[in-house]
Amino acid sequence: MPKKKNGEQAVARIEDYASLVEALVERQGSLSKRLNQVAQFFLNNPEDVAIYNIVGLSKMAGVPPANITRFAKELGFSGFAELQDVFRQRLVGPRMTYADRIKALGEYGNLDEDGGLDLEQPRIVFGTFVQTAVESLLRLRDDIDNTELEAFVDALIRSDAVHIAAARGAYGIGAYSFYGFSNVGKRVHLIDNLGAMRNEQIASIADNDILLAITFDDYTPETVEIARSAAASGRRVLAITDNELSPVVPLAERVLYVKEARLGHFRSQVPALVLCQSIIVSLGRRIDRRK
């Protein structure tokens, strides 16, 4: 591809979803705030990007349609339609096709005047959350890096203790993980800032301990800061987050990705809980074998 004008470096051709993710990781920090917002939304909602038009996506992402067009061109595409093809190709195979998903969405009831689901009807909210949770679990099963999952559990079993940092929307997942690790015989601590003693809790992470950071878009600043502080002190960090642009990714030696189903501002915690449960059970089995 020829170079751009004004001495700008040419953009490598993006052929598939994997190369799109690589391109966004390489350009992390160089995108404007608005374009980074688009990138985060697209990586967290790839099925929606494959299905909806640019107007619908702009409403969901909270940006003007022009920003989505600019984002596509910034990555070397002629426009949004060409970028959308990459996301549609991603759905080929065992995943539900975008045509089938549109049909399935229509089964839950009427659309509101803006073309979205009528969320004033509890049955529609319930049905939509059930559907998106099932879809996200199937996507998690297909997308999870099993080698990374194995290494994740290996790191936990070799550690003396696990310190969990999870707040706000991820707090429930962190609290459950604390309960689960405790029940399988793993020493575990929840960094909850009780008594405003977060710094003291971080300082208690020993050399052979691990910090488990759990955070999703909008990336709780306290969790990111805890991970940053632990990494700076030479402590090992594991992370469960949503995509490769998450601020905890460069701080962690192992990362597992979960794209949580969401309805408006609310996220389904089902896929993250299932992942954490599988980690806890696997860890418990290995602890039992050591006895």
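Residues numbered from 1 in each chain as written. Predicted model: local features only at pLDDT ≥ 70, side-chain atom pairs only at ≥ 80, totals over all residues. Heavy atoms only, no water.

Student: Even after reading the chapter, I still don't get the packing of aromatic side chains, so can you show me in this structure?
Tutor: Aromatic rings considered in pairs are described by the distance between their centres and by the relative angle of their planes. With the rule as written, the count across this model stands at 6 aromatic pairs. Between phenylalanine 42 and phenylalanine 80 the ring centres are 6.5 Å apart and the planes differ by 70 degrees, which places this aromatic pair in the edge-to-face class. Of the two residues, phenylalanine 42 is situated in helix H2 (residues 33-44) and phenylalanine 80 in helix H6 (residues 80-90); the sequence distance between them amounts to 38 residues. Both residues of the pair, phenylalanine 42 and phenylalanine 80, belong to the buried class. Relative to tyrosine 179, the ring of tyrosine 176 lies with its centre 6.2 Å away and its plane at 50 degrees, an arrangement referred to as tilted. Taken together, the residues span about one helical turn, with tyrosine 176 and tyrosine 179 both in helix H10 (residues 171-183) at a distance of 3 residues. The exposure class of tyrosine 179 is exposed, given its relative accessible area of 51%. Here a set of aromatic residues connected by ring pairs shows up, and it is made of Tyr17, Phe41, Phe42, Phe71, Phe80 and Phe87. (Phe/Tyr/Trp six-rings, centres within 6.5 Å; stacked < 30°, edge-to-face > 60°. Helix = DSSP H or I, 4+ residues; strand = E, 2+ residues; numbered from the N terminus. Buried < 20%, exposed > 50% of the residue type's maximum accessible area, 1.4 Å probe, protein only.)

Student: In this structure, what is going on with the sheet that holds strand S2 (residues 188-190)? I would like to understand it.
Tutor: Sheets are built from strands that pair by backbone hydrogen bonding, the pairs being arranged parallel or antiparallel. Pairing is parallel in the open sheet, where 5 strands are placed in the order S2-S1-S3-S4-S5. In this open sheet, the two strands that pair with only one neighbour each are S2 and strand S5 (254-257). When strand polarity is set aside, the average angle formed by the axes of neighbouring strands in this sheet is 20 degrees. For strand S4 (residues 236-241) and S5, the ladder comprises 4 bridges, and the chain directions are parallel. (Pairing = 2+ DSSP bridges. Axes fitted to C-alpha atoms, helices over the stretch in contact; angles between N-to-C directions.)

Student: Would you take a moment to explain the layout of surface pockets for this structure?
Tutor: Considering only enclosed or pocket space, the second largest pocket measures out at about 410 Å³ in volume. Lining of the second largest pocket is provided by 18 residues; of these, Asp143, Ile144, Glu244, Tyr257 and Lys259 occupy positions nearest its centre. Those elements that provide at least two residues to the lining of the second largest pocket are helix H1 (17-26), helix H8 (122-143) and S5. Broken down by element, the residue count for the lining of the second largest pocket peaks at 4 residues, all from H8. Looking at the lining of the second largest pocket, its residues break down into 9 nonpolar, 1 polar and 8 charged. (1 Å grid on protein atoms, 1.4 Å probe; cavity = no way out; pocket = protein on both sides within 12 Å on 5 of 7 lines; lining within 4 Å. Points joined across faces, edges and corners; volume = space filled by probe spheres on them. Nonpolar A, V, L, I, M, F, W, Y, C, P; charged D, E, K, R; others polar.)

Student: Before we go on, may I ask you to explain H10 in this structure?
Tutor: Each α-helix turn comprises 3.6 residues. Residues three or four places apart therefore point the same way. In this model H10 runs 18 Å from its N-terminal to its C-terminal C-alpha over 13 residues, within 8% of the 18 Å that 1.5 Å per residue would give. Those residues of H10 that fall on the buried side of the exposure criterion are Ile173, Gly174, Ser177, Gly180 and Phe181. Along the long axis of H10, the arc covered by the buried residues comes to 125 degrees, so they all point the same way. Along H10, exposed side chains directed more than 90 degrees from the buried face belong to Tyr179 and Asn183. (Expected span 1.5 Å × (residues − 1). Arc of directions from axis to C-beta.)

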